[in-house]
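Reading the structure
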Amino acid sequence: MKIQKKVTVLLALFIVLAAVVPVHAETGSYSLYGQVTPYYKYISGVRAGLSIGGDGYATCSGEIELYVNYDSEITITLQRSRDGNSWSNVRSWSGSFSGIGSHQLQKGYYVDPGYVYRVKNTARVKDGSDVLETATVYSPEREY
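Residues numbered from 1 in each chain as written. Predicted model: local features only at pLDDT ≥ 70, side-chain atom pairs only at ≥ 80, totals over all residues. Heavy atoms only, no water.

**Here we look at the environment of Leu66**
This is how the line gets drawn: The way it works is that DSSP assigns letters per residue, a run of H or I at least four long becomes a helix, a run of E at least two long becomes a strand, and they are numbered from the N terminus. Burial status follows relative accessibility: with a 1.4 Å probe on protein chains alone, a residue under 20% of its type maximum counts as buried, one over 50% as exposed, and anything between as partly exposed. Between two residues, a contact is recorded if the distance between any of their heavy atoms is within 4.5 Å.
Here Leu66 lies in strand β4 (residues 57–66). A relative accessible area of 5% means that Leu66 is categorised as buried. Counting along the chain gives 23 residues from Leu66 to Ile43, while the straight-line C-alpha distance between them is 4.6 Å. The residues touching Leu66, leaving out its near neighbours within four places in the chain, are Tyr42, Ile43, Ser44, Ser72, Gly99, Ile100, Gly101, His103 and Val125.

Shown next as structure tokens:
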């Protein structure tokens, strides 16, 4: 009976300690769409998205979320590949934004069939003409 009581107490202690010990996954990196990206000083989030309709119209999007009140710039680039390894740029768009919070850029383009497509989002935080931080992420790949 004493052994069972000790095991129960140890198990309860382990559960309490596991709940109390903080886990800081974001101190070094965080995961976004299956990619590990570095932790940034000014950027709280960067996303890239791509959807392609049955008619070949691709909706390309990029987003940046800022912790701080700086200017930002998003450049989204639609890329394509035949083999999924070698990528070429199809079209790029840029947008500039001011202030803290979430900023988005969304554009559309008709794509050709027979390729794999993705969107590359390069987001920059700026103080005047000085670039303080840059982050690049890719959307999931889509075949058309």
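Back to the write-up after that little detour.
**A few points about the sheet that holds strand β7 (residues 101–110)**
Basically, it comes down to this: Strand pairing requires that DSSP identify at least two bridges connecting the strands. Angles shown run from 0 to 180 degrees and are taken between the N-to-C directions of axes, each axis being a line fitted to C-alpha atoms and, for helices, limited to the stretch in contact.
The strand order across the open sheet built from three strands is β3-β4-β7, with neighbouring strands paired in antiparallel fashion. Only two strands of the sheet have a single neighbouring strand rather than two, namely β3 (43–52) and β7. Direction aside, neighbouring strands of the sheet carry axes that sit 10 degrees apart on average. As paired elements, β3 and β4 share nine bridges and run antiparallel to each other. Bridging from a neighbouring strand, Gly49 pairs with Ser61 of β4.

**Quick look at the pattern of salt bridges**
Convention followed: The term salt bridge refers to a side-chain nitrogen of Lys or Arg lying within 4 Å of a carboxyl oxygen of Asp or Glu.
Considering all chains together, one arrives at four salt bridges under this definition. A salt bridge links Glu65 to Arg47; the shortest N-O distance between them is 2.7 Å. With a gap of 18 residues between them, Glu65 in strand β4 and Arg47 in strand β3 connect regions that are remote in the sequence. Assessed through its relative accessible area of 27%, Arg47 is described here as partly exposed. Glu73 is the salt-bridge partner of Arg124, the closest N and O atoms lying 3.3 Å from each other. Of the two residues, Arg124 is situated in strand β8 (residues 116–127) and Glu73 in strand β5 (residues 71–81); the sequence distance between them amounts to 51 residues. Among the ionic contacts, a cluster of salt bridges with common partners joins Glu73, Arg124 and Lys126.

**Regarding the packing of aromatic side chains**
Applied cut-off: Each pair of aromatic rings taken from Phe, Tyr and Trp, with Trp reduced to its six-membered ring, is defined by centres within 6.5 Å and is described as stacked if the planes are under 30 degrees apart, edge-to-face if over 60, and tilted in the remaining cases. In this scheme, the term charge over a ring applies when either NZ of a lysine or CZ of an arginine sits within 6 Å of the ring centre and within 35 degrees of the ring normal.
Applying the stated criterion to the full structure yields four aromatic pairs. Relative to Tyr70, the ring of Tyr42 has its centre 5.5 Å away and its plane inclined at 80 degrees; by these criteria the two rings are edge-to-face. Here Tyr42, found in the loop between β2 (35–38) and β3, pairs with Tyr70, found in the loop between β4 and β5; they are 28 residues apart in sequence, far enough to count as distant. On the basis of relative accessible area, Tyr70 is assigned to the partly exposed category, the value being 26%. With a centroid separation of 6.4 Å and an interplanar angle of 65 degrees, the aromatic rings of Trp93 and Tyr109 are classed as edge-to-face. Here Trp93, found in strand β6 (residues 88–98), pairs with Tyr109, found in strand β7; they are 16 residues apart in sequence, far enough to count as distant. Of the residues examined, Tyr109 reaches a relative accessible area of 28% and is grouped as partly exposed. The ring of Tyr115 carries Arg82 above its face, with NZ or CZ at 4.0 Å from the centroid. Over the aromatic face of Trp87 sits the side chain of Arg118, whose NZ or CZ is 4.1 Å from the ring centroid.

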